[in-house]
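Architecture at a glance
Residues per chain, in single letters:
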Amino acid sequence: MRANRAGLLAAVAVTGGVLAATAGCGAGDGLKSEGPVPAAVGPVRLWPELPPASDPPVDYGETDTERVPGITVRGGDVRTVDPVAVVRAEVEAHPDTYTGGDGMYEETARAVLACDSAPAKCPVLSPYYRDLTGNGRDELIVGIRMPEQQVSVRVYMAEDDGLTRVMSTVDQVVSVELAGRNLIVRAASAGIPGYEYRTAWVWDARQHSMLPTRDEIVPVRDGTAPSPRTTPRRTAPAPVSPEPAA
């Protein structure tokens, strides 16, 4: 509105949660009412007398990170490393580990160690690369097929001429997607037909790791349920080993 235009009239009335506003600017159109505005409802704390929790009951290891032994990254470029060699180095460093970030089924570990001699049976999937940390360099994203339709998803970042694993999770995966710097894992659900779990993993600089910042139960996108889950959904980041053979 120019300063030499004559006349300015504004009236604002708030009555019973209804906001009406009119304003004139010469002969031009002014502000118009948008109709009733719903009353704002603030958050209500339930059971305020409950004491705050001091420690979480279970540590699922979401923030666990580990340097991959024996892997050198030339020029900080993760594309220079062999993803099979990376997973093999972790298996060799933890041969009897079945839970946690390094957890792997025994038969999967054997197949990883035999990738060179039996490449057709190698459970390590083709790698993907994306800057998930915002440091201007790509991270290495690796998938590992496991029994019972499970897939391990691991993310590695280059630092100090080596490789650090900053994410590891296992689930019965429907799909894995990249959206910006979010890594989204969709997993099947047998307990709620027609729905699936969707978890968004996002880099957290304070924890120096990828964290599951959003975990949702959502309807299946195409309207058809995925294959039923053969095991309950895992909340821990690694699979439980099958019972050893007698």
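Residue numbers run consecutively from 1 along every chain, following the written order of its sequence. Only residues with pLDDT of at least 70 get local features here, since the model is predicted, and only at 80 or more are side-chain atom pairs given and counted; chain-wide, interface and lining totals rely on the full set of residues. Side-chain numbers come from the whole structure's heavy atoms, not from hydrogens or water.

A few words on the sheet that holds strand β6 (residues 150-159). Here, any two strands with at least 2 DSSP bridges between them count as paired. Working definition: helices are DSSP H or I runs of at least four residues, strands are E runs of at least two. Numbering for both runs from the N terminus. The sheet built from 5 strands is open, its strands ordered β3-β7-β6-β5-β4 with antiparallel pairing. The sheet terminates laterally at β3 (66-67) and β4 (128-130), the two strands that pair on one side only.

Taken in spatial order, the 4 strands of this open sheet run β8-β9-β10-β11, and their pairing is antiparallel. Sheet topology places β8 (173-179) and β11 (209-219) at the edges, where each strand pairs with a single neighbour. Between one strand axis and the next, the sheet turns through 20° on average, direction left out of account. In this sheet, β11 lies alongside strand β10 (residues 195-204) in antiparallel orientation, the contact comprising 10 bridges. In the sheet register, Arg198 faces β11, and the bridge partner there is Glu216. Lines fitted to the C-alpha atoms define the axes, with helices restricted to the stretch that makes contact. Angles between their N-to-C directions range from 0 to 180 degrees.

Patch definition: residues above 30% relative accessible area lacking any salt bridge, with like charges linked at up to 9 Å and the nonpolar side chains Val, Leu, Ile, Met, Phe, Trp and Tyr linked at up to 5 Å. Where accessible areas are quoted, they stem from the Shrake-Rupley method and a 1.4 Å probe; at the residue level, only the protein chains shown are allowed to cover. Salt-bridge detection follows one rule: a side-chain nitrogen of Lys or Arg within 4 Å of a carboxyl oxygen of Asp or Glu. A contiguous nonpolar surface patch, about 490 Å² in accessible area, is contributed by Val44, Leu46, Trp47 and Leu50. Turning to its location among the elements, Leu50 is positioned in the loop between β2 (18-25) and β3.

With that settled, the discussion passes to the packing of helix α1 (residues 83-93) against helix α2 (residues 106-113). Following both chains from N to C, one finds α1 and α2 inclined at 125°, their axes separated by 9 Å at the closest point. In terms of orientation, α1 lies oblique with respect to α2. When you trace α1 past α2, the crossing you get is left-handed. Together, Val87, Arg88, Val91 and Glu92 of α1 and Ala109, Val112 and Leu113 of α2 make up the contact between the two elements. Any residue that is not Ala, Val, Leu, Ile, Met, Phe, Trp, Tyr, Cys, Pro, Asp, Glu, Lys or Arg is counted as polar, Gly included; the first ten are nonpolar and the last four charged. For the contact of α1 with α2, the residue count by class is 5 nonpolar, no polar and 2 charged. These descriptions rest on fixed angle ranges, namely under 35 degrees for roughly parallel, over 145 for roughly antiparallel, 65 to 115 for roughly perpendicular, and the rest for oblique. For any helix crossing, the convention is left-handed if the near helix is rotated counterclockwise from the far helix by under a right angle, and right-handed if that rotation is clockwise. Contact definition: two residues touch when any of their heavy atoms are within 4.5 Å.

The buried fraction of α1 amounts to 8 of the 11 residues, a majority that puts the element mostly inside the structure. Contacts from the buried residues of α1 go to α2, β5 (139-146), β6 and β7 (162-171). Here a polar contact is recorded for every N or O atom pair within 3.5 Å, except that within protein the pair must consist of a potential hydrogen donor and a potential acceptor, and residues adjacent in sequence are included only if both atoms are side-chain atoms. Its side-chain oxygen placed 3.1 Å from the backbone nitrogen of Val84, Asp82 serves as the N-cap of α1. Three labels apply to residues, based on accessible area from a 1.4 Å probe with only protein chains included: buried if under 20% of the type maximum, exposed if over 50%, partly exposed otherwise in between.

Attention now moves to the side chain of Thr133. Mapping Thr133 onto the fold places it in the loop between β4 and β5. A polar contact is formed between the side chain of Thr133 and the side chain of Asn135, at a distance of 3.1 Å. Every residue in contact with Thr133, bar those within four places of it in the chain, is listed here: Glu139, Met157, Arg181 and Trp203.

Of the residues in the protein chain, 73% reach a pLDDT of 70 or more, and the chain-wide mean stands at 80. Residue range residues 1-24 is modelled with pLDDT below 50. Its contacts to residues more than four positions away, or to other chains, number 38 contacts. Counted against residues more than four places away or in other chains, residues 224-246, with its pLDDT under 50, gives 56 contacts. A residue's pLDDT is the predictor's confidence in that residue, given on a scale from 0 to 100.

This part covers the pairing of β5. With respect to burial, β5 is a largely interior element, 7 of its 8 residues being buried. Relative to β5, β4 runs antiparallel, the two being bridged by 3 bridges. Bridge pairing links Tyr128 to Ile141 in β5. Pairing between β5 and β6: 7 bridges, direction antiparallel. Opposite Val142, over in β6, you have Arg154 as the bridge partner. Between β5 and β6, which pair antiparallel and follow one another directly, the connecting turn spans 3 residues, one of which, Glu148, has a positive phi of 60°.

Attention now moves to the pattern of salt bridges. Following the criterion strictly, the structure yields 10 salt bridges and no others. For the salt bridge of Glu90 with Arg165, the shortest nitrogen-to-oxygen distance reads 2.6 Å. One end of the pair, Glu90, is in helix α1; the other, Arg165, is in strand β7, and 75 residues separate them in sequence. Arg165 carries the same exposure label as Glu90, and that label is buried. A salt bridge links Arg186 to Glu177, with the nearest nitrogen and oxygen atoms 3.5 Å apart. Taking the relative accessible area as the measure of exposure, Arg186 reaches 10% and is therefore buried.

Quick look at the environment of Ser209 now. Among the secondary structure elements, Ser209 is positioned in strand β11. For Ser209, a relative accessible area of 0% translates into the label buried. A sequence separation of 54 residues divides Ser209 from Val155, and the C-alpha atoms of the two residues are 9.3 Å apart.

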